[in-house]
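Structural characterization, general
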Amino acid sequence: MRPVYISGIGSTTFGRHRDESIESLATRASSQAIVESGIEREQLGALYFGNFISGPLNGKEVLAGIVADRLGLPGNIPCTKVEGACASGGIAFRHAWLAVAYGMCDAAIVVGAEKMTHASTAEVTSALNCAMDNELDGPTGLTFPGLFGLAWRAYDQSFGLTRDDVSAVVIKNKRNGLRNPLAQMGADLSLAEIAACAMIADPLQLFDCCPATDGAAALVLCSENLRHKSRKQPVKVLASVQTSGAPQIAKHLDLCTFEATVRAAQQAYLAAGISAEQVDVVELHDCFSMAEIIDSEDLGVVPRGQGAIWAAQGRTDVHGDVAINPSGGLLAKGHPVGATGVGQIYEVVRQLRAEHSNQVTNARIGMTHNLGGTGVACTVNIMQAIQ
Amino acid sequence: MIGQALELTLFCCQGCGALHEQRPVVCASCLGETFDEKAVTGQGRLASWTTIRKPPLAFRGHGQYDVAVIDLSIGLRVTGRIASQSNQRVGDRVSLTHRIEIDGEQINVFEVQQT
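One structure accompanies this document, and this report is about it. Bear in mind the structure is a predicted one, so any value in this text is a computation, not a measurement.

This part takes up the overall build of chain A. Within chain A one finds 13 helices and 12 strands. Whereas a compact globule of 387 residues would reach a radius of gyration of roughly 21 Å, chain A reaches 19 Å, a difference of no more than 12%. Seen through its C-alpha atoms, chain A measures out along the principal axes to roughly 55 × 45 × 35 Å. Within chain A, contacts between residues separated by at least 24 positions form 78% of all contacts whose residues are at least 6 apart in sequence. Side chains of chain A carry 29 positive and 38 negative charges; the gap between the two charge centres is 7 Å.

Listed below in structure tokens is the structure:
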């Protein structure tokens, strides 16, 4: 295995793109990444496309080959669409990393994209429910907000958790979103405003939930011999790990943790040769406020039972002990599902280049965490700034 | 105390004894392919519950409903519906009281036992 670098990044804004197709969003982000990498298109040996629900929501598939054609990539390279629910983008990244790390090619591009805002809430909910075990959990009428409503009550039983505790996460991420020009819905919210919004899946309320989003993000990965071509400082990938977990709620014997995340984080720290304390900035999968609390503990960057408390104490702020979701996370930046895992890495690369609009001081080590379904698929990546 | 709990039919692997909520193609514990039906009491404890107020398309028109995770006394965790009460808590004893049919699927509905 050889070192892999991220040498080019691109992204659309996350939000509403009513007049632009998913192919166009993906092509635009990819073009930015290729140009920034300085790598000739003929040197790209593979394209991986992260996407989850372009079939049910847009009636479009084979997007990998379509976008490669739009970009004028060589016609003989493998172009693969990758699906792993909300972890689709993270898994696509890992495949591109594998292709370069193990010498299949010297450079590869990964792009994630989704287009969701044209659909109704019920249509989006139904499409997202494709990520559930629809022989066991689906027939009960469970939804993904419902999963985290279940987790909230179980967590409250184990550790104690109030509305205001959870709101600390919402306030932080929405505020961070205000400082990210790519974010869909940053906001300056009060505890009272959060407590007053509509109930979605008790005790989860509207501001606890990420929005439906359109958007795309892309990255070019390369080996050592090509990184000098980049117009920006490349970032080194120290670890890229993918794990699986239980696909059914009932197989999660502890509703306050996702085993796939715990295992992925442990493997990633081992591969990177670092400990959780060395991570400066984390972009994690806060599809719901409750998810950030669980994820931050599963990743080991916050002690068990302290996820909400650390947020309330400012310890996960941009200038806290460990910065969590300075982009605004899924809650504020948005969640164009297939693009999310790629967009998280885009954000961390900008942090490690010290060029982020919500910059973490002296960020040297960054981590991303992308979780799919009921914890059935997970990726964790660790990246390092190059001096 | 509410009435007698209904029974659930589980599927017990003839090879290793693992219990399954639905008849599997193969046993995920031992890859066995033969199973015995086993009737068990629909009693257990409430592990968690939530009220779904924004349902997916297939459930639109059902109004809001409560989904629960139940730890059966036999030692298996299952999902189902619960007829919620305002004062219920995680850990409460529950019983399977009836079933509802949605799109041809029989859904178990539990109720908290009043003591």
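Continuing now.
All right, on to a negative patch on the surface then. On the surface, Glu135(A), Glu101(B), Asp103(B) and Glu105(B) cluster together to form a negatively charged patch. Of note, Glu105(B) is situated in strand S8 (residues 105-112). On the accessibility criterion, Glu105(B) (34% relative accessible area) is partly exposed.

The next subject is the pattern of salt bridges. Residues and elements named next belong to chain A. Applying the stated rule across the entire model yields 21 salt bridges over all chains. Asp106 serves as the salt-bridge partner of Arg2, at 2.9 Å between the closest nitrogen and oxygen. Placement of Arg2 in the segment before strand S1 (4-11) and of Asp106 in the loop between helix H4 (88-101) and strand S4 (107-114) is noted, with a sequence separation of 104 residues between them. Looking at Arg2, the relative accessible area reads 27%, which means it is partly exposed. One salt bridge connects Glu355 with Lys232, and the closest N-O pair in it is separated by 3.3 Å. You can see Glu355 sitting in the loop between helix H13 (337-352) and strand S11 (365-372) and its partner Lys232 sitting in the loop between strand S7 (215-222) and strand S8 (235-244), a full 123 residues away along the chain. A residue is classified by how much of its surface remains accessible, and Glu355, at 24% relative accessible area, is partly exposed. Since its relative accessible area comes to 35%, Lys232 is described here as partly exposed. Among the charged side chains, a salt-bridge network with shared partners connects Glu36, Lys232, Arg350, Arg353 and Glu355.

Another point: the sheet that holds strand S3 (residues 79-82) of chain A. Residues and elements named next belong to chain A. Taken together, the 10 strands give an open sheet; going across it, the order is S3-S2-S4-S7-S1-S8-S12-S11-S9-S10, and neighbouring strands pair in mixed fashion. Across the chains shown, the open sheet's two edge strands, defined by having one partner strand only, are S3 and strand S10 (323-324). With four bridges connecting them, strand S2 (residues 47-50) and S3 associate as parallel partners. Note that in S3 the partner of Tyr48 across the bridge is Thr80.

The next thing to look at is the environment of Gln267(A). Residue and element names in this part refer to chain A. Mapped onto the fold, Gln267 is located in helix H9 (residues 259-272). When its relative accessible area of 40% is taken as the criterion, Gln267 is described as partly exposed. Sequence-wise, Gln267 and Val380 are 113 residues apart; in three dimensions their C-alpha atoms are separated by 8.9 Å. Discounting chain neighbours no more than four positions away, the residues touching Gln267 are Val241 and Thr243.

Conventions we followed
The residue numbering used here restarts from 1 in each chain and proceeds along that chain's sequence as written. All chains are assigned letters beginning with A, and all ligands numbers beginning with 1, in the order in which they are written. Local features in this predicted model are restricted to residues whose pLDDT is 70 or higher, and side-chain atom pairs enter the listing and the counts only when it is 80 or higher, whereas totals over whole chains, interfaces and linings include all residues. Calculation of side-chain values draws on the structure's entire complement of heavy atoms; hydrogens and water are dropped beforehand. Helix and strand labels come from DSSP, where a helix needs a run of H or I of at least four residues and a strand needs a run of E of at least two; each type is numbered from the N terminus. The globule rule used for comparison is 2.2 Å times the number of residues to the exponent 0.38, while the radius of gyration itself is calculated over C-alpha atoms. Whether two residues touch is decided by their heavy atoms; if any such pair falls within 4.5 Å, the residues are in contact. Only four residue types enter the charge count: Lys and Arg as positive, Asp and Glu as negative, with His and the chain ends excluded. To locate a charge, take NZ of a lysine, CZ of an arginine, CG of an aspartate or CD of a glutamate. Residues forming no salt bridge and having over 30% relative accessible area are the ones grouped into patches, like charges within 9 Å of each other and nonpolar side chains (Val, Leu, Ile, Met, Phe, Trp, Tyr) within 5 Å. All accessible-area figures derive from a Shrake-Rupley calculation using a 1.4 Å probe, and residue coverage is judged against the displayed protein chains alone. A side-chain nitrogen of Lys or Arg and a carboxyl oxygen of Asp or Glu constitute a salt bridge if their distance falls within 4 Å. Buried means the residue's accessible area, taken with a 1.4 Å probe over protein chains only, is under 20% of the maximum for its type, while exposed means over 50%, and partly exposed covers the values in between. Criterion used throughout: strands pair if DSSP finds at least two bridges between them.

These results come straight from atomic positions and should not be treated as a statement about function.
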